[in-house]
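So the chains spell out like this:
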Amino acid sequence: MKVIPGAARGYIGCALLAAGAAALPALRPAAGTPWGTVALLAALYALCELPARCRLLGRAAGGSVPMGSGSFFPVLLAAALLLPPAAAALTALPGSLLARVDEPPAAPRRAWRAAATALAVWAAATAADALSCATALGHGPDAPDFPYALLPAGAAALTFCLVLTALDGGIRATVGGLPARAAWRGLLGRALAPHAVHGLAGLMMAVLWRSTYGPVSALFVLLPIYISCWVFAQYHRERAAHQATIRALVQAVDLKDRYTRGHSERVGHASVLIARELGMAEDRLDVVRFAGILHDVGKLGVPTRVLRKDGPLTPEERRVIELHPEYGHEIVRGIGFLGEARAAILHHHERMDGSGYPYGLHGEEIPEFARMVAVADAFDAMTSTRSYSRARPVPTAVAELERCAGSHFDPRMVAALVRALDRHGWQPAVTADETTPATPPSGNVPPPRDATTAPQTTGAPLPPRPRERA
């Protein structure tokens, strides 16, 4: 967002004032601030954040340096365990101001990050200090008091997480105009586990820092942290490559068959809605989405003249169209990350009563992902306006799916989609380049090209024929 709303600017200003008030006691002459430790930890955190900011260093590291803020929070949590609250807040400032900013305006974003991080570190140090963390860590030859030292470290990590989450939710609410519940939804759950790990790493760093080996020994904690960040960055690069592969295949299908442009993305979205409603694990949702997006990739193997034919298909042409699930499976069979999505691509035109294709599977023989995609595919085909057919209203499409549940579609998948639509709604869209004609054209008009666009007669089966475009 290039323009930050006034409410967000006010919120950032209040955070800056609060951060200044938190750090101010450390600047008083009588505070006894250990400036050597503050300078070392602040410089260390700034150096950790610098590679993501510097393109030269990023290229030297193969482009895989940690790019997200928060990778080196263990340094700040170590500061919260080692320093008084006001001094600990100061250690967050240089690194936060140097950290990478991907979107303009950079100055308010850096100011916000510095204020929020300083307040979180100050709160964490206050929690640790209240539990006598300095005594628990020991000093020099004095061994740390384990397992009691875990208590102030855990309290510091939890406090850090809670304060940072609360502040982030507030900025989301003021910048995006979101309701409070929506602004904070999911933030704490996603942050708890990473911050717990950061807290343990920060504790190890603080113990080594206070040991007879001194601050140099604490640097060894950063090595596994950096390695984990490097692995995480590699994962995200691989994930981006996967997304690029998916986009390329979908664009190729959309260019070849103009009648289904945008259809693949919506089927992927509807498939995820079904999967979420069924309580599917998060790690499988991406695969479900891939299955929906790529379900028609086999059309790349169907001659364009057949896909774009402006008239009834011959029996031979229908058989060619029916081969597209097998073509799709052959295209993606070597893409390992698709996993179960490959079976969905092959079997998304099977029917519960065994009358589908390519293999005529029955009921539970059909893979679960294929049954999800079949319902999502049919629903989007019915609710999309195209150059050869008008969209049906969502209630009409839902009624048709429910009528064919058990014979064509898995009733459980249909019920899940209905619940998801009640919860989230649906936005149909035009998927062809042409606008829908006001009146049906005359002459040699192609029949409905969707597996779900059945003739408007009572009791007509869905789909009425194997000629499909969805």
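Residues numbered from 1 in each chain as written. Predicted model: local features only at pLDDT ≥ 70, side-chain atom pairs only at ≥ 80, totals over all residues. Heavy atoms only, no water.

### Considering the overall build of the protein
Then, number 1: Of the regular secondary structure elements, the protein holds 21 helices and zero strands.
Then, number 2: Counting only residues that meet the buried cut, the protein has 50% of its 470 residues in that class.
Then, number 3: Within the protein, counting contacts between residues at least 6 apart in sequence, those at least 24 apart form 72% of the total. (Helix = DSSP H or I, 4+ residues; strand = E, 2+ residues; numbered from the N terminus. Buried < 20%, exposed > 50% of the residue type's maximum accessible area, 1.4 Å probe, protein only. Contact = heavy atoms within 4.5 Å.)

### Observations concerning the confidence of the model for the protein
Then, number 1: Predicted confidence across the protein gives a mean pLDDT of 82, with 84% of residues reaching 70 or more.
Then, number 2: Contacts from residues 59–67, a stretch scored under 50 in pLDDT, to residues over four places away or in other chains number 22 contacts.
Then, number 3: Note on residues 430–470: pLDDT under 50 across the span, and 130 contacts to partners over four residues away in sequence or across chains. (pLDDT = per-residue confidence, 0-100.)

### Looking at the environment of valine 101
Then, number 1: Following the sequence through the fold, valine 101 ends up in the loop between α5 (85–98) and α6 (106–130).
Then, number 2: Along the primary structure valine 101 and arginine 113 are separated by 12 residues, whereas in three dimensions their C-alpha atoms are 9.9 Å apart.
Then, number 3: Residues contacting valine 101, with those up to four places away along its chain left out, are Ala106, Arg109, Arg110 and Arg113.

### Quick notes on unusual backbone geometry
Then, number 1: At the junction of phenylalanine 146 and proline 147, the peptide bond is cis and its omega measures out at 5 degrees in the coordinates.
Then, number 2: Here the amide bond leading from tyrosine 357 into proline 358 is cis, since omega sits at 15 degrees, within 30 degrees of zero.
Then, number 3: Within the element layout of this structure, proline 358 appears in the loop between α18 (341–347) and α19 (368–383).

### Observations regarding empty space enclosed by the protein
Taking a probe equal in size to a water molecule and rolling it over the atoms shows the remaining empty space.
Then, number 1: Counted under the stated rule, the structure contains two cavities of 30 Å³ or more.
Then, number 2: Here the largest cavity is characterised by a volume of approximately 50 Å³.
Then, number 3: Forming the boundary of the largest cavity are His347, Glu350, Met352, Ile366, Ala370, Arg371, Ala374, Val375, His408, Phe409 and Asp410.
Then, number 4: Sorting elements by how many residues they give to the lining of the largest cavity places α19 first, with four residues.
Then, number 5: Taken together, the residues that form the lining of the largest cavity break down as six nonpolar, two polar and three charged. (1 Å grid on protein atoms, 1.4 Å probe; cavity = no way out; pocket = protein on both sides within 12 Å on 5 of 7 lines; lining within 4 Å. Points joined across faces, edges and corners; volume = space filled by probe spheres on them. Nonpolar A, V, L, I, M, F, W, Y, C, P; charged D, E, K, R; others polar.)

### Brief notes about the packing of aromatic side chains
Then, number 1: Counted by the stated rule, this structure contains four aromatic pairs.
Then, number 2: Ring plane angle 40 degrees and centroid distance 5.5 Å describe the contact between tyrosine 11 and tryptophan 112, whose orientation is recorded as tilted. A residue pair is termed long-range when its members are at least 10 positions apart, and tyrosine 11 in helix α1 (residues 6–23) and tryptophan 112 in helix α6 qualify at 101 residues.
Then, number 3: We classify tyrosine 11 as partly exposed; its relative accessible area is 24%.
Then, number 4: For tryptophan 112, a relative accessible area of 10% translates into the label buried. (Phe/Tyr/Trp six-rings, centres within 6.5 Å; stacked < 30°, edge-to-face > 60°.)

### Description of the pattern of salt bridges
Then, number 1: Considering all chains together, one arrives at 13 salt bridges under this definition.
Then, number 2: Three or more residues are tied together by salt bridges with common partners; here these are Arg284, Glu340, Glu368 and Arg412. (Salt bridge = Lys/Arg side-chain N within 4 Å of Asp/Glu carboxyl O.)

### Looking at the packing of helix α14 (residues 282–293) against α19
Then, number 1: Two numbers describe how α14 lies on α19: the axes approach to 10 Å, and their chain directions differ by 55 degrees. As summarised for this structure, α14 and α19 are arranged oblique, according to the angle between their axes. In this structure, α14 meets α19 at a crossing whose hand is right-handed. In this structure, α14 contributes Arg284, Val287, Val288, Ala291 and Gly292 to the contact, and α19 contributes Glu368, Phe369, Met372 and Val373.
Then, number 2: Per-class residue counts for the contact of α14 with α19 are six nonpolar, one polar and two charged. (Axes fitted to C-alpha atoms, helices over the stretch in contact; angles between N-to-C directions. Parallel < 35°, antiparallel > 145°, perpendicular 65-115°, else oblique. Left-handed = near helix turned anticlockwise from the far one by under 90°.)

### A closer look at the environment of glycine 328
Then, number 1: Here glycine 328 lies in helix α17 (residues 324–332).
Then, number 2: As a C-alpha pair, glycine 328 and lysine 299 span 29 residues in sequence and 7.2 Å in three-dimensional space.
Then, number 3: If sequence neighbours within four positions are ignored, glycine 328 has contacts with Val297, Gly298 and Ile345.

### A closer look at the nonpolar core
Then, number 1: Of all hydrophobic cores here, the largest spans 61 residues; its most connected members are Leu81, Leu83, Leu137 and Phe160.
Then, number 2: Ranked by residues supplied to this core, first place goes to α6 with 10 residues.
Then, number 3: Sequence-distant contacts of leucine 83, defined by excluding residues within four places in its chain, comprise Pro34, Thr37, Val38, Leu41, Ala88, Thr91 and Ala125.
Then, number 4: Among the nonpolar cores identified, the runner-up in size contains 50 residues, and Ile246, Ala370, Cys404 and Phe409 belong to it. (Core = buried A, V, L, I, M, F, W, Y, C linked by side-chain atoms within 4.5 Å.)

### Let's talk about the side chain of serine 271
Then, number 1: Note on placement: serine 271 falls in helix α13 (residues 263–277).
Then, number 2: You can call serine 271 buried: its relative accessible area is 0%.
Then, number 3: The residues contacting serine 271, other than those within four sequence positions of it, are Val288, Gly292, Met372, Val373 and Ala376.

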